[in-house]
Each structure stands twice: as C-alpha cells, then as structure tokens.
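# Residue-level structural notes
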Amino acid sequence: MDAKSVVEYAQKNGAKILDLRFIDVPGVWQHVSYPIEELTVESFHDGFGMDASSIRGWAQIHESDMLLIPDPNTAFMDPFRDVPTLLMICDAQDPISRKPYDRDVRNLAHRAEEYLQKSGIADQAFFGAEAEFFIFDNVRFQTSQNFGFYHVDSDEGRWESGKAEDNLGYRPRYKEGYFPVPPTDHYQDMRTEMVMRLQEAGITVECHHHEVATAGQCEIDFKFDTLIHAADNMCKYKYIIRNVAYRNGKTVTFMPKPIFTDNGSGMHTHQSLWKGGKPLFAGDKYAGLSEMALWYIGGLLKHAAAIVAFAAPTTNSYKRLVPGYEAPVNLAYSRRNRSAAVRIPMYSANPKAKRLEFRPPDPSCNPYLAYSAMLMAGLDGIENKIDPGGPLDKDIFELSPEEAAKVPSVPGSLDASLKALEKDQAFLTKGGVFTAEFIDLWIEYKMKKEVDPVRMRPHPHEFELYYDI
C-alpha cells in the first residue's frame, strides 16, 4: 500500500486509533497511539514526534527528539484491541537532519539490503525463520539481594504427572513431544487460533505443530520473505502468539531454555539469494548447491562466533547451545544432519526451494540484527570465496575423540560471543551497515545489563552444590 491507500484502508475498516510500532535495540516492540484523525497522507513524510531517550539503546537525553515514519506496507488491523486500531511499523528519523537514525535497527536492516543491491551479487535475500516457543499456565520469578527463584507451571509438563487433582494423564514424555495428537497435544486449538490471527495480519502460514519438548513447546512456520519484511513478520508473530495465549489465560515465552533437561527453543533460519527472479543457491555441488552457496556457508561458519552475539544474544541462549538436545553447536555443514550449524534441507529438488538453514539462532534475538549479521557474513564468504571445507555427514556423537576435536563449535557463553564480535567485526561494517559505534554499544549494553548481573548473582543450584562445602 501507499500513503493514500492506507488512509482509505483505515476508513474502510472503521479504525478509531492509530498504533505505531518500533523496536528497541534488545529486540522488544514498543508503541505509541493516536486518534485516527492524526493520520493523513502527509503523516508519511512529516512523521510523528517522540522522546527516544527512554528507549533501551537509543538516544541520550540531550538528543532525545525523534520522528517515527510509518511504513505503509506494514499496515494491518490489530486483532486484539476493543476499539478498531490500525497498526503500522515505523522507521526512526533524526528530526533535524531527516536522516535515518543510526540506532534504529530497522534502518540498519535497510542498509544491509542496500549493501546487497550495491554488491551486484544478488538483488534479494530471503529469510524464513522457525521460531519455537513454550506455552505455560503460570510463571513466577524474582531476584533480590538475599533470594532468587523461578517457578513454571504447565498443565502439559511431565513433572505434573504425579499430582492428585485435575489429572487426566495425557502429557508428552521428555523429548517425545514431536508430533503426538490431542489430547497429548494440549494446544492444537490454541495454535489454530494463532494461525487465524496471523493470517488476518497478512502472514502466510505453512504449518503448525507441537515441538519436541514437553510443557507446551510449539512451532508455527510461516513463509519466507525479504530481509526487512521477514523481520517485520517475526515481530508480528511474537505479538500475535503472546496475545492469543494471554486471551486464553496462558503465557508464552520465546526464552530459549526455560526448562532444565528438555529441549530448548531455537529459531532455525533458512536463507537464500536471488537475482533477476532466479535462485542463486541451486547447482551441481554438494547437496545440489551452487558454488556461491558453498561460499556463503563458508562466510557463516567463519564468522559464526561473532554472528551468535546477535543471533543467540542472551545468557540463557547458551543453556540451549550445548551438545545433545539436537543443539546445533558444531561449526560444520551437512545435508539433513541437525547437529551441524548449517543444514541443507533436502525436501525438494526444485531449484527455487534450494536454500540453507543456519541453526544456532534462537527467538530471543532481534531479527533485524540477526538477519543482517547472517547476510553480511554470507556475502563476505562469497566476496572472498571462503571454502567451508568438507561436510559433516556423520553423527557427531559417533565420532572418535580425535575426529570430534577437529570440529569447531559455537562459543559456550554470551561473554565469549561478545569477545568474538569485538575481534571479528570488519565483515559487518562493510558499507556502513553496522557501525563501530553501534557494535560497541551492543557489547557494552550486553555486558553491563546481562552478562555481569547474571555472572555476579549466586545461582539457586549453587546452594544445592556448595552450602555444606
């Protein structure tokens, strides 16, 4: 849609409120609302003023004025509001220079797409991410100087099997949540409701199902799109899924590892490059890939330790990225092998379906940053013809110690990933896509707000281990 058609769309749907969305640096949607009369064709140029100083990672108080510029292509009616509400995603601009605001990560994703165009390698990068999540009945958590705890309740949780009341017995066993029918799958109807709302928001859904873990782990897959549109859709996806669950008296988390001893939630990210409407990753090399696709893989593997600083960006991410649990910790590529960081899906021989899947990311990431980092790594691989080495087609757990030692792995902590990013960032700053200032901001924020607070606190299990030491 263009500006005029959005105004007409709002009138046709009886919109009374305009809700503008944007994303903070860690990756949480923010919003501000206006009476619909404030929306005019001129609004798409003039923008809407806001104070950016209270947004995480954004402006300092002395430079806090900012403009939100709505993107007309993102307009849809919010399915959860009592009053008809038109929702749009925005880009941020500096009101004085009218230049895109550097710390708005959607603008950073625009720069990544522009760099792709200027490279001449391709004109479109497609991303399709599979974001898993858990549906819980209740969650409590709190930390202070003298205590810290969390407690999760899930009617579908295996640990509930021995309770005396309200127990009908159908619960997935650990690692057996993929794909039992109802009543063992408690959330078929709720996921279907989520799918209906996603479709109303313009997202093409491909399938939905229960995932491997117990305690309500689910996945809804939707169609790939270009980088920014795919990131926009991931934001819509999280918003809609959370709100459907909330309306059903449940709560959803995209936290990668909320349950000990069971599978965590990943965000396996399929990607491919196209030019002139033709796929560039199909060829006659390994697993039906082109030489360009293998170079792209080479870039992903070479820079993986830095990529996961954006794609697996929480301390909790590294509770998932451990051997076992189908965790893709091995920096290798393979067709079908899900323990490899890069998998080449083999479902179809159609060249248009040829793609690769980068498996370390998880849904706690900011999609604009994660997709942009993956694209820049892949392009660096193509530009420098980086050889990814041979594929890993064996079960990693059946390798000899000598063979296993030759397979590198992703960092074991957020701290280690941030250190890798500090050392390896030249591939990100090409064309000014990521700036050194933004990367420094990211590292400082993550260390100060997340790594250090977790590292400095006693862990509840430490009392189990050490209280009587």
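Anyway, here's the lowdown on the structure attached to this text. (Residues numbered from 1 in each chain as written. Predicted model: local features only at pLDDT ≥ 70, side-chain atom pairs only at ≥ 80, totals over all residues. Heavy atoms only, no water.)

Relative orientation of the contacting elements helix 7 (residues 304–311) and helix 11 (residues 414–423) amounts to 120°, with a least axis distance of 7 Å. On the basis of the axis angle, helix 7 is oblique to helix 11. Once helix 7 is placed against helix 11, the crossing between them reads as left-handed. Taken together, the residues of helix 11 that come into contact with helix 7 (itself represented by Ala 305, Ala 306, Val 308, Ala 309 and Phe 310) are Ser 417, Leu 418, Ala 420 and Leu 421. The residue inventory of the contact of helix 7 with helix 11, partitioned by class, reads eight nonpolar, one polar and no charged. (Axes fitted to C-alpha atoms, helices over the stretch in contact; angles between N-to-C directions. Helix = DSSP H or I, 4+ residues; strand = E, 2+ residues; numbered from the N terminus. Parallel < 35°, antiparallel > 145°, perpendicular 65-115°, else oblique. Left-handed = near helix turned anticlockwise from the far one by under 90°. Contact = heavy atoms within 4.5 Å. Nonpolar A, V, L, I, M, F, W, Y, C, P; charged D, E, K, R; others polar.)

What follows deals with the side chain of Ser 372. Assignment of secondary structure puts Ser 372 in helix 9 (residues 367–383). Judged by its relative accessible area of 0%, Ser 372 is buried. (Buried < 20%, exposed > 50% of the residue type's maximum accessible area, 1.4 Å probe, protein only.)

Here we take up the environment of Ala 287. Position of Ala 287 among the secondary structure elements: in the loop between strand 15 (278–279) and helix 6 (291–302). Residues Ala 287 and Ala 349, 62 residues apart in the sequence, show an inter-C-alpha distance of 9.7 Å. Setting aside residues no more than four positions away along its own chain, Ala 287 makes contact with Arg 335, Ile 344, Met 346 and Lys 354.

This paragraph deals with the pairing of strand 1 (residues 17–23). Most of strand 1 is tucked away: six of the seven residues are buried. Both strand 1 and strand 6 (residues 85–93) contribute to a ladder of five bridges, which runs parallel. Bridged to Arg 21 within strand 6 is Ile 89. As defined by bridge partners, strand 1 adjoins strand 2 (residues 29–35) across seven bridges and the pair is classed as antiparallel. If you follow Asp 19 over to strand 2, its bridge partner there is Ser 33. Between the antiparallel neighbours strand 1 and strand 2 lie five residues, among them Gly 27 with a positive phi of about 120°. (Pairing = 2+ DSSP bridges.)

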